[in-house]
Amino acid sequence: MRVAIIGQGYVGLTIAVGAASAGHKVFGFDVNDSLVSQLNSGNSHIEGISNSKLQEFISKGFFTASSDPTVLGGADVIVIAVPTPLDETRNPDLSYVHAAAALIDNNVKSPALIINESTSYPGTLRKEIAARITGIEHLYASSPERVDPGNNEWGTKNTPRLIGGLTPDAVVKAKEFYSTFCDSIIEVSSPEVAEAAKIFENTFRQVNIALVNEFAQIADALGISGREVLDAAATKPYGFMEFNPGPGVGGHCIPVDPSYLAHVANEVGVPATFIKRANEVNLAMPEYVVKRVVAGAGGSIKGKKIVVVGVSYKSNVADTRETPAAAVIDLLRGQGAMVTWHDELVGNWRGESSSPIAGADVAVLVTKHNGIDVAAIKACGYVFDCTGSIAGVDGI
Ligand SMILES: NC(=O)c1ccc[n+]([C@@H]2O[C@H](COP(=O)([O-])OP(=O)(O)OC[C@H]3O[C@@H](n4cnc5c(N)ncnc54)[C@H](O)[C@@H]3O)[C@@H](O)[C@H]2O)c1
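Residues numbered from 1 in each chain as written. Predicted model: local features only at pLDDT ≥ 70, side-chain atom pairs only at ≥ 80, totals over all residues. Heavy atoms only, no water.

Q: So what exactly am I meant to see when it comes to the overall build of the chain here?
A: Assigned secondary structure in the chain consists of 13 helices and 15 strands. Over its C-alpha trace the chain gives a radius of gyration of 23 Å, about what one expects of a compact globule, namely 21 Å for 396 residues. Considering the chain as a whole, with its 396 residues, one finds that 48% of them fall into the buried category. Within the chain, contacts between residues at least 6 apart in sequence are counted, and of these 70% link residues at least 24 apart. Roughly 17,600 Å² of accessible area belongs to the chain as shown, and the carbon and sulfur atoms make up 54% of that amount. Distance from the positive charge centre (31 side chains) to the negative charge centre (42 side chains) of the chain: 2 Å. (Helix = DSSP H or I, 4+ residues; strand = E, 2+ residues; numbered from the N terminus. Rg over C-alpha atoms; globule rule 2.2 N^0.38 Å. Buried < 20%, exposed > 50% of the residue type's maximum accessible area, 1.4 Å probe, protein only. Contact = heavy atoms within 4.5 Å. Areas by Shrake-Rupley, 256 points an atom, 1.4 Å probe, with all protein chains shown as cover. Lys, Arg positive; Asp, Glu negative; His and termini not counted. Charge placed at Lys NZ, Arg CZ, Asp CG, Glu CD.)

Pasting the structure below:
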């Protein structure tokens, strides 16, 4: 099939490579010209997709990146994989999804299967995409992406994929497409069910993470180890699922998607109280971390050299979107500390570069990448571990 994918970020490029591996002719469309040149020269920008794989597909003619919207014309399948962030008022910002719909409306003049993989609230495919594309009888399906960058166990092929179509024909076509590179496809009765399932999955994580974050604070105040309690609770073979506390939540999904659900809940008059409270707890975690660091480091961090280790939002990825490390660093600086950060995966961030760990008075481990120099962290005067991975030091 001729496949065009709108957006070549974490999701779009992952699907592009999945489809190319099945022998489809894939055009990766993106508005970012420098990303397009980078991809066409065979350089992947995401973990999990190697340069060699990309180069192989380019040389076989299975993958071409482009910033020319005319590549959308003549496609059998068009996948939308664009950002769905929050605006300044923490409400859904669908401007990228609308832009993608406009691109299709302007450039695609023969019927195609149009699939939305971007995460959004129920009703997005029907009301925000299909309703904006006029004149041609396309097929429409929703198949929310579940990619977990950096996860070596679960990828595009073996993660079950949900599909909901606006019509039975759309479901048939979408199954035909995804079955060429996904092992398990689950049909649901409407795109709204597929869309809602995705945001509920992430809301489930957000709320449970908030619960353990709050519990970690309760346990510490009680003088017991929250992590030991959670490990103990996890020995129950049924009815319990372990989540880990941390410095907050980051990335494009967990801090954002639940607010999409809260937004539609609000519109239909049902208050999403768990989501609101979970946001408050998770967003307050950097403050809690800094309070503990100040107390643990002797009551004041004014003038102290502090290194924050690991600034991406999760282990072994370079993604710093919504990372709680930003708030931790800003709050530490607000207390007069001289703060640097160490993260060789990230390299450069917010106009600063990764610094060495050695020589700091205090180390705060926010995210632990494989191969991090734990000995150098432990050599700092005081260590606060947000990851529960260094025995015998303070932390959450
Ligand atoms: N990153 C994840 O782990 C993940 C997992 C599941 C679902 N999602 C969802 O998938 C969607 C995409 O997320 P992502 O992480 O790939 O985002 P991303 O920021 O990595 O990539 C989005 C890409 O879209 C491009 N873009 C923006 N507007 C465009 C337009 N009008 N036309 C063409 N390209 C355009 C951007 O330049 C960027 O390269 C979001 O809805 C997100 O919530 C993300």
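Q: Before we go on, may I ask you to explain the site of the ligand in this structure?
A: Close to the ligand lie 27 residues, the nearest being G9, V11, D30, T84 and T119. With respect to the ligand, the backbone of V11 contributes an N or O atom lying 2.8 Å from an oxygen atom. One nitrogen or oxygen atom from the main chain of T119 is found 2.9 Å from an oxygen atom belonging to the ligand. Protein chains shield 90% of the accessible area of the ligand, which is 830 Å² for the free molecule. (Near = heavy atom within 4 Å. Polar contact = N/O pair within 3.5 Å; in protein donor to acceptor, adjacent residues only side chain to side chain.)

Q: Just to check I follow, could you spell out the pairing of strand β2 (residues 25–29) for this structure?
A: On a regular strand, each side chain points to the face opposite its neighbour's, so the side chains alternate between the two faces of the sheet. The buried fraction of β2 is high, at 4 of 5 residues. Across 5 bridges, the pairing between strand β1 (residues 2–6) and β2 is parallel. Within β2, the residue paired with V3 across the bridge is V26. Once the chain exits β1 it traverses helix α1 (residues 10–21) before rejoining the sheet at β2, and the crossover so formed is right-handed. Pairing analysis gives 4 bridges linking β2 to strand β3 (residues 63–66), with the strands arranged parallel. By the bridge assignment, F29 is partnered in β3 with S66. (Pairing = 2+ DSSP bridges. Right-handed = clockwise from strand over helix to strand, strands pointing away.)

Q: In this structure, what is going on with unusual backbone geometry? I would like to understand it.
A: Most peptide bonds take the trans configuration, and most residues that are not glycine carry a negative phi. Backbone geometry at N316 places phi at a positive 65°, although glycine is not the residue there. Within the secondary structure, N316 is located in the loop between β9 (305–309) and α12 (324–334). N316 sits in the partly exposed class, given a relative accessible area of 28%.

Q: Would you mind showing me how to read the state of the cysteines here?
A: Note: disulfide means a covalent bond formed between the sulfur atoms of two cysteine side chains. Scanning all chains against the criterion turns up 0 disulfides. No disulfide involves C253; its nearest neighbouring cysteine sulfur is the one of C182, lying 17 Å away. The thiol of C386 is not disulfide-bonded; the next cysteine sulfur, from C380, is found 14 Å away. (Disulfide = S-S within 2.5 Å.)

Q: Before we go on, may I ask you to explain the sheet that holds strand β6 (residues 139–142) in this structure?
A: Hydrogen bonding along the main chain pairs the strands of a sheet, whether they run parallel or antiparallel. One open sheet holds the 8 strands; their spatial order is β3-β2-β1-β4-β5-β6-β7-β8, and the pairing between them is mixed. With partners counted over all chains shown, the strands left at the sheet margins are β3 and β8 (185–187), one partner each. Averaged over all adjacent pairs, the angle separating strand axes in this sheet is 25°, with direction ignored. Along the sheet, helix α7 (residues 191–222) contacts β6 and β7 (161–165); its crossing angle with β7, the most-contacted strand, is approximately 145°. (Axes fitted to C-alpha atoms, helices over the stretch in contact; angles between N-to-C directions.)

Q: Please explain the environment of I133 as it appears in this structure.
A: For I133, the location among the structural elements is in the loop between α5 (124–129) and β6. The class of I133 is buried, set by a relative accessible area of 7%. Taking C-alpha positions, I133 is 42 Å from L211, a pair spaced 78 residues apart along the chain. Every residue in contact with I133, bar those within four places of it in the chain, is listed here: A101, I104, D105, I114, H138 and Y140.

Q: So what exactly am I meant to see when it comes to the nonpolar core here?
A: Nonpolar side chains in soluble globular proteins tend to be buried together. Core analysis: the biggest nonpolar cluster contains 31 residues, and L13, V26, F63, I115 and F177 have the highest contact counts within it. Within the residue set of this core, elements represented by two or more residues are β1, α1, α2 (33–40), α3 (51–60), β3, β4 (77–80), β5 (113–116) and α6 (168–178). In terms of residue count, the dominant contributor to this core is α1 (7 residues). Ignoring sequence-local partners within four residues, the contact set of I115 consists of V77, I78, V79, I80, A141, S143, F177 and Y178. Formed by 30 residues, the second largest nonpolar core is a distinct cluster that contains V71, L86, A101 and I133. (Core = buried A, V, L, I, M, F, W, Y, C linked by side-chain atoms within 4.5 Å.)

Q: Is there a simple way to think about a nonpolar patch on the surface in this case?
A: Taken together, the side chains of F200, F204 and M241 make up a nonpolar region of the molecular surface, amounting to roughly 320 Å² of accessible area. Note that F200 resides in helix α7. In this structure F200 comes out as exposed when scored by relative accessible area, which is 52%. (Patch = residues over 30% accessible without salt bridge, like charges linked within 9 Å, V, L, I, M, F, W, Y side chains within 5 Å. Salt bridge = Lys/Arg side-chain N within 4 Å of Asp/Glu carboxyl O.)

Q: What exactly am I supposed to notice about the pattern of salt bridges here?
A: As a working rule, side chains carrying opposite charge can pair if their charged atoms are close by. Summed over the entire model, instances satisfying the criterion amount to 16 salt bridges. Its salt-bridge partner being R126, residue E192 comes within 2.7 Å of it at the nearest N-O pair. Placement of E192 in helix α7 and of R126 in helix α5 is noted, with a sequence separation of 66 residues between them. Note that E352 and R333 form a salt bridge whose closest N and O atoms lie 3.1 Å from each other. Taken as a pair, E352 in strand β12 (residues 352–353) and R333 in helix α12 lie far apart in primary sequence, 19 residues in all. Looking at R333, the relative accessible area reads 30%, which means it is partly exposed. Within this structure, E214, K276, R277 and E280 form a network of salt bridges that share partners.

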